[in-house]
There are 2 protein chains.
Amino acid sequence: MSETAFPLSAETSNLKRSVMRDLLCHAVDPEIISMAGGLPASEYLPVGEFLDCIETVINRDGSRALQYSPQSEALRVWIAGYMSGRGVPCTPGQIFITSGAQQGLAILSRLFLDPGGPAVIEDLAFTGIQQVTRGRGAEIRTIPVDLEEGIDLEAMEDALRRSPTPRLAVLVPNFHNPLGVTLSAEARRRAAALASEYGVPLIEDDPYAALRFSGEHLPPIKAFDDSGLVFHIGTFSKTLSPAVRLGWIVASEEMIPTITAVRESIDLESSTLLQRAVVEFLERGRLEPNLERINDAYRERCRAMVGSLEANMGELARFTRPEGGIFLWVELQEQLDTGELFDEAIERRVAFIPGSVFSGNDSHRNTMRLNFSNLSPELIEEGVKRLSDVISSAPGIR
Amino acid sequence: MSETAFPLSAETSNLKRSVMRDLLCHAVDPEIISMAGGLPASEYLPVGEFLDCIETVINRDGSRALQYSPQSEALRVWIAGYMSGRGVPCTPGQIFITSGAQQGLAILSRLFLDPGGPAVIEDLAFTGIQQVTRGRGAEIRTIPVDLEEGIDLEAMEDALRRSPTPRLAVLVPNFHNPLGVTLSAEARRRAAALASEYGVPLIEDDPYAALRFSGEHLPPIKAFDDSGLVFHIGTFSKTLSPAVRLGWIVASEEMIPTITAVRESIDLESSTLLQRAVVEFLERGRLEPNLERINDAYRERCRAMVGSLEANMGELARFTRPEGGIFLWVELQEQLDTGELFDEAIERRVAFIPGSVFSGNDSHRNTMRLNFSNLSPELIEEGVKRLSDVISSAPGIR
């Protein structure tokens, strides 16, 4: 990182400069078709309805909506009901409100991981997961991922069994970022059992669960947790709006005071105004219809992307076919390097994220992550066409 | 902290369970006159005007107000102008938006401090400062505070000079929490020079600067910073609303990318909706008149508290006479223990914070912090009267 006249902490030197932010910027250059970011569809953000909720809250609660406040009990009640409906019977006392899923990851990492301690993550993982493990100087043990099953459970068991015992493990069960793949119910049951058997806290990072647009919903890993070792993280960023900055952790009730102390040391609390407005939105029953609209759109967009990939890159690439979420994963011929193709792509006015960004060790250089949530089907088709032009004219293509 | 079947990080075991949150709860029990919390006056939160700003922003910006977004450039421009007006010439590129002042402390602590590294703090310090230093296992070197000058600069120099070199120091120059005292301009100049001389990053935590209700504004420590070693933290929590969850760091421009990486690992970003609404509020010129109303009220409330203390406890206590902010500090006879008086006070329907909470080593047991910002003068007078009844009938009083 930057040169200074004074020492920075070891942790800071382990952190990568955020790639995500740079690449998000392409999303606001109207000439570039960006499949790089992770933005929900702007057209389906419930702008008018959410404003109406804020008005109701402020007119009703007055200054209480702008004051310091304990976490919204009504929000914890709603989330506990929602999680119970997903097969995780829990009480409001087990729900902790965070500022988005990333803060859940940061809190739980602080809770379990000492610098240098072992952490188990998937060998392709969202950069935010890498920042709270690799970025904190953890001894990283990776679980190989695959494009069909998601993870190799035997490798996971090996990683958990080895001494010293890992301080935490992280999995993304639904519509994995960056892969788009989903763990089977049996794999979830097995992952929870492994956490219990080896006594390792297992963080289930689950931001995309509600974005299933085909197939059947599966119970979270937390639904198979008998030992209290699974910590579930959810968020409203992709289902309602990223600007509410609200997510949650489901944990055993006795962990909540410790989680509270860690979180207060970070930023005291989340906005009570936004918590109250989200409660109003939820209690009006607006989330379900909003999700239906979103998932209808994402189904169409994902289908357009898969169709275009099949039509234009069927011979050039393997790719995942997600049943939900916002990303899919493309593997090119082994000798290609998407990092090298990136500049050419930008020149052709199309953007993606080179897959090596998610590896932490610069491997998987022949891969890329594509986002389909924030582009119309027409732009997706044009974007994939541009991308296939870049790839098919790459030096070394066979 | 709580017992678990798995190890928690060393950092977590250093954290105290938050006392602040428990004591805030008394603020919502209408029978108790709470001088415990740190809440701004609820009556002066600009409820209607802020709602109007949100409406303007959402009607104008639509979905962009609910999407992921880079930090608001307009907000950074405003803050840079504001800080320049306070004697800290700076560019928007030197401003980093945080979720309140506590997040500024957490980020800068992550940036400089390794677990076990030396940190210099005042021997009475806001619990949030203790959590990001003591709570991270730092080797704490304290600067004695006093009720007249604020800090002992020679002791500060000793603490900075000792080997190994401290990784950071933290001062609260204006209307200190918990003491209510203010550093002179000369002390600020000297503190900046000491940071430079010993090469120690100095964090200036300055949440109350704008809440001056008597005397003249003084330049921040950052105004005397020639070396780039002073990091200034500000916030809108006390001047506009805690629920906007917005504050800032002023740093050298080359530090901003590193600060960004640390912050993104914690919670990605602050709400773009709230950033835009605050910009609207600021650009309408609403902050100044809002501050005038607040400071008129706080002047009256502080005067009521000081007057009541003089009338009821003149023989029983020494106390500070702040020129701004929201707290004052009371020292009782040495043999008294405010922790022991607390339950009796609650029974008499009055609350304060025992001073030992701010010491980190359970010293200063004969002291207490009183808040005057969120009570009417009448309630303050009644509260101090109840308190003096408790104290004057304490066992051991002389």
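Reading the values: rules and limits
- Residues numbered from 1 in each chain as written.
- Chains lettered and ligands numbered in written order.
- Predicted model: local features only at pLDDT ≥ 70, side-chain atom pairs only at ≥ 80, totals over all residues.
- Heavy atoms only, no water.
- Helix = DSSP H or I, 4+ residues; strand = E, 2+ residues; numbered from the N terminus.
- Rg over C-alpha atoms; globule rule 2.2 N^0.38 Å.
- Buried < 20%, exposed > 50% of the residue type's maximum accessible area, 1.4 Å probe, protein only.
- Contact = heavy atoms within 4.5 Å.
- Buried area = accessible area lost by both parts, 1.4 Å probe.
- Salt bridge = Lys/Arg side-chain N within 4 Å of Asp/Glu carboxyl O.
- Polar contact = N/O pair within 3.5 Å; in protein donor to acceptor, adjacent residues only side chain to side chain.
- Nonpolar A, V, L, I, M, F, W, Y, C, P; charged D, E, K, R; others polar.
- Axes fitted to C-alpha atoms, helices over the stretch in contact; angles between N-to-C directions.
- Parallel < 35°, antiparallel > 145°, perpendicular 65-115°, else oblique.
- Pairing = 2+ DSSP bridges.
- Least-squares fit on C-alpha atoms with pLDDT ≥ 70 in both.
- Core = buried A, V, L, I, M, F, W, Y, C linked by side-chain atoms within 4.5 Å.
- Arc of directions from axis to C-beta.
- Phe/Tyr/Trp six-rings, centres within 6.5 Å; stacked < 30°, edge-to-face > 60°.
- Disulfide = S-S within 2.5 Å.
- Left-handed = near helix turned anticlockwise from the far one by under 90°.

Caption draft 1: Expanded view of the overall build of chain A. Summing up its helical and strand segments, chain A has 13 helices and 15 strands in all. For chain A, the C-alpha radius of gyration of 21 Å lies close to 21 Å, the compact-globule estimate for 398 residues. Along the first, second and third principal axes, the C-alpha set of chain A runs to 60 × 55 × 55 Å. Evaluated residue by residue, chain A yields a buried proportion of 65% over its 398 residues. Partitioning the intrachain contacts of chain A with sequence separation of at least 6 by distance along the chain shows that 74% fall at a separation of at least 24.

Caption draft 2: Molecular detail of the interface of chain A and chain B. Contact with chain A, which involves 79 residues of that partner, is made by 79 residues of chain B. Summing both sides of the interface, chain A and chain B together bury roughly 6500 Å²; the carbon and sulfur share of this comes to 64%. Inspection of the region where chain A meets chain B yields 0 salt bridges. Between the two partners, chain A and chain B, sit 30 residue pairs in polar contact (both at pLDDT 80 or more). Every element with two or more residues in the side of chain A that touches chain B is listed here: helix 1 (10-14), helix 3 (47-61), helix 5 (100-112), helix 9 (256-267) and helix 10 (272-283) of chain A. Considering every element that reaches the side of chain A that touches chain B, the biggest residue donor is helix 9 of chain A, with 8 residues. Of the residues in the side of chain A that touches chain B, the class split is 38 nonpolar, 26 polar and 15 charged.

Caption draft 3: Structural view of the environment of Met368(A). All names here are of chain A. Among the structural elements, Met368 can be located in strand 15 (residues 367-371). For the pair Met368 and Val330, spaced 38 residues apart in sequence, the C-alpha separation works out to 5.3 Å. Once you skip the residues sitting within four places of it in the chain, Met368 turns out to touch Leu328, Trp329, Val330, Leu332, Thr338, Phe352, Ile353, Pro354, Gly355, Leu387 and Ile391.

Caption draft 4: Structural detail: the side chain of Gln131(B). Topologically, Gln131(B) is positioned in helix 6 (residues 127-131). When near neighbours in sequence (up to four residues on either side) are disregarded, Gln131(B) contacts Ala261(A), Ser265(A), Leu15(B), Lys16(B) and Arg136(B).

Caption draft 5: Inspection of the packing of helix 3 of chain A against helix 3 (residues 47-61) of chain B at higher detail. The geometry of helix 3 of chain A relative to helix 3 of chain B is characterised by a closest axis approach of 11 Å and an angle of 175° between their N-to-C directions. On the basis of their axis angle, the class for helix 3 of chain A and helix 3 of chain B is roughly antiparallel. Across the interface between the two elements, Val47(A), Leu51(A), Ile54(A), Glu55(A), Ile58(A) and Asn59(A) of helix 3 of chain A pack against Val47(B), Leu51(B), Ile54(B), Glu55(B), Ile58(B) and Asn59(B) of helix 3 of chain B. Of the residues that constitute the contact of helix 3 of chain A with helix 3 of chain B, the class distribution is 8 nonpolar, 2 polar and 2 charged.

Caption draft 6: A look at the sheet that holds strand 4 (residues 139-143) of chain B. Residue and element names in this part refer to chain B. Taken together, the 7 strands give an open sheet; going across it, the order is 2-10-9-8-7-3-4, and neighbouring strands pair in mixed fashion. The open sheet has two free edges, formed respectively by strand 2 (95-98) and strand 4, since each of these has just one partner strand. For this sheet the average axis-to-axis angle between neighbouring strands, irrespective of direction, equals 20°. Bridging between strand 3 (residues 118-122) and strand 4 involves 5 bridges; their strand directions are parallel. Bridging across to strand 4, Ile121 finds its partner in Thr142. The strands touched by helix 7 (residues 153-161) within the sheet are strand 3, strand 4, strand 7 (168-171) and strand 8 (202-205), with strand 4 carrying the most contacts at an inclination of about 160°.

Caption draft 7: Quick peek at the relation of the copies chain A and chain B. When chain A is fitted to chain B, the residual RMSD is 0.0 Å, and the transformation amounts to a turn of 180° plus an axial shift of 0.0 Å. The two molecules are tied by a two-fold rotation axis, judged by turn and shift.

Caption draft 8: Quick look at the nonpolar core. The biggest cluster of nonpolar side chains holds 218 residues, and the ones touching the most others in it are Phe50(A), Leu273(A), Phe50(B) and Leu273(B). Leu273(B) has contacts with Phe50(A), Ile54(A), Ala243(A), Leu274(A), Ile54(B), Val57(B), Ile58(B), Ala65(B) and Leu66(B), leaving out every residue within four places of it along the chain.

Caption draft 9: Expanded view of the environment of Glu269(A). All names here are of chain A. Looking at the secondary structure, you find Glu269 in the loop between helix 9 and helix 10. For Glu269, a relative accessible area of 7% corresponds to the buried category. With 22 residues separating them along the chain, Glu269 and Gly247 place their C-alpha atoms 12 Å apart.

Caption draft 10: Local environment of the pattern of salt bridges. Residues and elements named next belong to chain B. In total, this model carries 61 salt bridges over all chains according to the counting rule given. Asp114 serves as the salt-bridge partner of Arg167, at 3.2 Å between the closest nitrogen and oxygen. Placement of Arg167 in the loop between helix 7 and strand 7 and of Asp114 in the loop between helix 5 (100-112) and strand 3 is noted, with a sequence separation of 53 residues between them. For Arg167, a relative accessible area of 15% puts it in the buried group. Its salt-bridge partner being Glu310, residue Arg321 comes within 3.0 Å of it at the nearest N-O pair.

Caption draft 11: How the structure looks around helix 12 (residues 338-347) of chain A. Residues and elements named next belong to chain A. All of the buried residues in helix 12 are Thr338, Leu341, Phe342, Ala345 and Ile346. When helix 12 is viewed along its axis, its buried side chains cluster within an angular range of 140° and face the same direction. Summarising the geometry of helix 12, the exposed residues directed more than 90 degrees from the buried face are Glu340, Asp343 and Glu347. Where helix 12 ends, the next residue or the one after it, Arg349, has phi of about 65°, a positive value.

Caption draft 12: Summary view of the packing of aromatic side chains. Taken as a whole and judged by the stated rule, the model has 22 aromatic pairs over all chains. Note on Phe6(A) and Phe112(B): the rings are 5.5 Å apart at their centroids and 70° apart in plane angle, and the pair reads as edge-to-face. Taken together, the residues Phe6(A) in the segment before helix 1 and Phe112(B) in helix 5 connect one chain to another. You can call Phe112(B) buried: its relative accessible area is 0%. Here the aromatic rings of Phe6(A) and Phe231(B) are separated by 6.1 Å at their centres, their planes lie at 90°, and the arrangement is edge-to-face. On the criterion of chain membership, the pair formed by Phe6(A) in the segment before helix 1 and Phe231(B) in strand 9 (residues 230-235) is interchain, its members lying in two chains. Exposure class is identical for Phe6(A) and Phe231(B). Each is buried. Through a chain of ring-to-ring contacts, the aromatic side chains of Trp78(A), Tyr82(A), Phe236(A) and Trp248(A) assemble into a single cluster.

Caption draft 13: Geometry of the sheet that holds strand 14 (residues 353-354) of chain B. Residues and elements named next belong to chain B. Spatial ordering of the open sheet is given by 11-12-15-14, a layout of 4 strands whose pairing is antiparallel. Looking at which strands have only one partner, the edges of the open sheet turn out to be strand 11 (317-319) and strand 14. Across 5 bridges, strand 12 (residues 327-332) lies against strand 15 (residues 367-371) in antiparallel orientation. Looking at the pairing, Trp329 lines up with Arg369 of strand 15. Helix 11 (residues 287-313) contacts strand 11, strand 12 and strand 15 of the sheet and is inclined by roughly 15° relative to strand 12.

Caption draft 14: Representation of the environment of Ala251(B) within the structure. All names here are of chain B. Along the chain, Ala251 turns up in the loop between strand 10 (247-250) and helix 9 (256-267). Linking Ala251 and Pro92, residues 159 residues apart in sequence, is a C-alpha distance of 10 Å. Look past the residues within four positions of Ala251 in its chain and what remains in contact with it is Gln94, Phe231, Ile256 and Ile259.

Caption draft 15: Geometry of the state of the cysteines. Summed over the entire model, instances satisfying the criterion amount to 0 disulfides over all chains. Here Cys53(B) is not cross-linked by a disulfide; its sulfur's nearest cysteine counterpart is in Cys53(A), at 19 Å.

Caption draft 16: Structural context of the packing of helix 7 of chain B against helix 8 (residues 185-198) of chain B. All names here are of chain B. Running from N to C, helix 7 and helix 8 cross one another at 15°; their axes reach a closest spacing of 10 Å. When the interaxial angle is binned, helix 7 and helix 8 end up roughly parallel. At the point where helix 7 passes helix 8, the crossing takes the right-handed sense. Between helix 7, through Leu153, Met156, Glu157, Leu160 and Arg161, and helix 8, the contact on the second element is made entirely by Ala187, Arg190, Ala191, Leu194, Ala195, Glu197 and Tyr198. Residues that form the contact of helix 7 with helix 8 fall into these classes: 8 nonpolar, no polar and 4 charged.

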